[in-house]
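Remarks on the overall topology
Listed below, chain by chain, are the residues.
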Number of protein chains: 2
Amino acid sequence: MPFDRSGLEILGDAECWALLESAPLGRIVFTDRALPAIQPVNFALCDGDVIIRTSPGSKLAAATRGAIVAFEADHFDTTTRTGWSVVAIGPARTVTDPHELTALQQLPLRPWGPSVHDHFIRIRPEILTGRRIPANTTTPVPR
Amino acid sequence: MPFDRSGLEILGDAECWALLESAPLGRIVFTDRALPAIQPVNFALCDGDVIIRTSPGSKLAAATRGAIVAFEADHFDTTTRTGWSVVAIGPARTVTDPHELTALQQLPLRPWGPSVHDHFIRIRPEILTGRRIPANTTTPVPR
């Protein structure tokens, strides 16, 4: 099992995908008027892409159009102080093709918020990284 | 109670701070070699600043030095599909003053990971925003 310099377990691609599949929501990281921005979103996976539904006039829709974004999901257990985080980085695009839209509308992706969410953002992960804090490692190790 | 264009409840500063206080961990959003980056971290609040502990040689330490970063915490309930998110944006700096370091070392901020975390990053929030998905709003409203 490989570890990074911080002693965190490095997760392989298959495990990263399985963890993303298990996550009810994630966070999209982008730039909004030159400032770092982050927004929690629910999502679905489709053919190796991350699919997000938002409202057409949203800040998220405007700021992610054609941008390179990060998408993150994680789960931590505050009792055992263990957990994992997966980050996918890649270009985001607005889905405009009617056939593609019809397909995405069939995904189990029901918006949590109250507004109309008929705008689909599709992120193609080009860099996928995952880390896990293993159990019983909360005592600092000597450098 | 004010709502934004997406129908999410806009949280006031006092509530944002109370929610941050309640969160066991958050996520720091920064730029790493021109790419969006995000890393879960545990943290403490001190005099209105967000305090993060990391290892001196970490990517986080290098990439956040003097940068404008975002810090996010959230909590969502997948059953009721409600929850909140708070984002603080501001400059991050490495704490080097010995007196300040001594004070921060007294904070209840124990690293979760296994490596040495004797490097303190201090974020001064200049923009604080919070949103909540209110209950019973999962049905889209007409535009």
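In this numbering scheme, every chain counts its residues from 1 along its sequence in written order. Lettering for chains starts from A, numbering for ligands starts from 1, and both go in the order in which the items are written. Since the coordinates come from a predicted model, pLDDT governs what is reported: local features require at least 70, and pairs of side-chain atoms require 80 or more to be given and counted, while whole-chain, interface and lining totals use all residues. Side-chain measures here rest on the full set of heavy atoms in the structure, leaving out hydrogens and waters.

If you look chain A up in an unreviewed UniProt entry, it shows as Pyridoxamine 5'-phosphate oxidase family protein from Actinomadura rudentiformis.

1. A look at the relation of the copies chain B and chain A
Mapping chain B onto chain A is achieved by rotating through 180 degrees and translating by 0.0 Å along the same axis, at an RMSD of 0.0 Å. Read as a symmetry element, the transformation amounts to a two-fold axis. Relative to the rotation axis, the C-alpha of B:Val29 is the closest in chain B, positioned 3.7 Å from it. Here, two residues are considered to be in contact whenever any of their heavy atoms come within 4.5 Å of each other. In this assembly, 100% of the residues forming the interface of chain B have copies in chain A that are likewise at the interface, indicating an isologous arrangement. Least-squares superposition aligns the copies on the C-alpha atoms of those residues with pLDDT at or above 70 in both.

2. What about unusual backbone geometry?
Its identity as a non-glycine residue notwithstanding, A:Arg33 has a phi of 50 degrees, on the positive side. Positive phi outside glycine occurs at B:Asp47, with the angle close to 50 degrees. Assignment of secondary structure puts B:Asp47 in the loop between β4 (43-46) and β5 (49-54). Throughout this description, buried means an accessible area under 20% of the type-specific maximum (1.4 Å probe, protein chains only), exposed means over 50%, and partly exposed covers the range between. You can call B:Asp47 exposed: its relative accessible area is 67%. Numbering of helices and strands runs from the N terminus, with a helix taken as a DSSP run of H or I at least four residues long and a strand as a DSSP run of E at least two residues long.

3. Digging into the interface of chain B and chain A
Taken together, the contact between chain B and chain A spans 46 residues of the former and 46 residues of the latter. Here the buried area means the combined drop in accessible surface, using a 1.4 Å probe, for two parts upon being joined, counting both sides. Each partner contributes to the roughly 3,900 Å² buried at the junction of chain B and chain A, and carbon and sulfur atoms together form 65% of this total. In terms of surface lost to chain A, no three residues of chain B exceed B:Arg81, B:Trp112 and B:Pro114, which account for 21% of the buried area on that side. Any Lys or Arg side-chain nitrogen found within 4 Å of a carboxyl oxygen on Asp or Glu counts as a salt bridge. At the boundary of chain B and chain A, one finds 4 salt bridges. When the shortest N-O distance is used, the salt bridge between B:Asp74 and A:Arg27 registers 2.7 Å. Polar contacts here mean pairs of N or O atoms no more than 3.5 Å apart (in protein, one a potential hydrogen donor and the other a potential acceptor; neighbouring residues in sequence count only if both atoms are side-chain atoms). Where chain B meets chain A, there are 6 residue pairs in polar contact (both at pLDDT 80 or more). Counting residues per element, the ones that place at least two in the side of chain B that touches chain A are β2 (26-32), β3 (35-41), β6 (68-77), β7 (82-94) and β9 (127-133) of chain B. With 7 residues, β6(B) is the largest single contributor of residues to the side of chain B that touches chain A. In this count, Pro and Cys sit with the nonpolar residues alongside Ala, Val, Leu, Ile, Met, Phe, Trp and Tyr, while Asp, Glu, Lys and Arg are called charged and the others, Gly among them, polar. In the side of chain B that touches chain A, the residues fall into 24 nonpolar, 13 polar and 9 charged.

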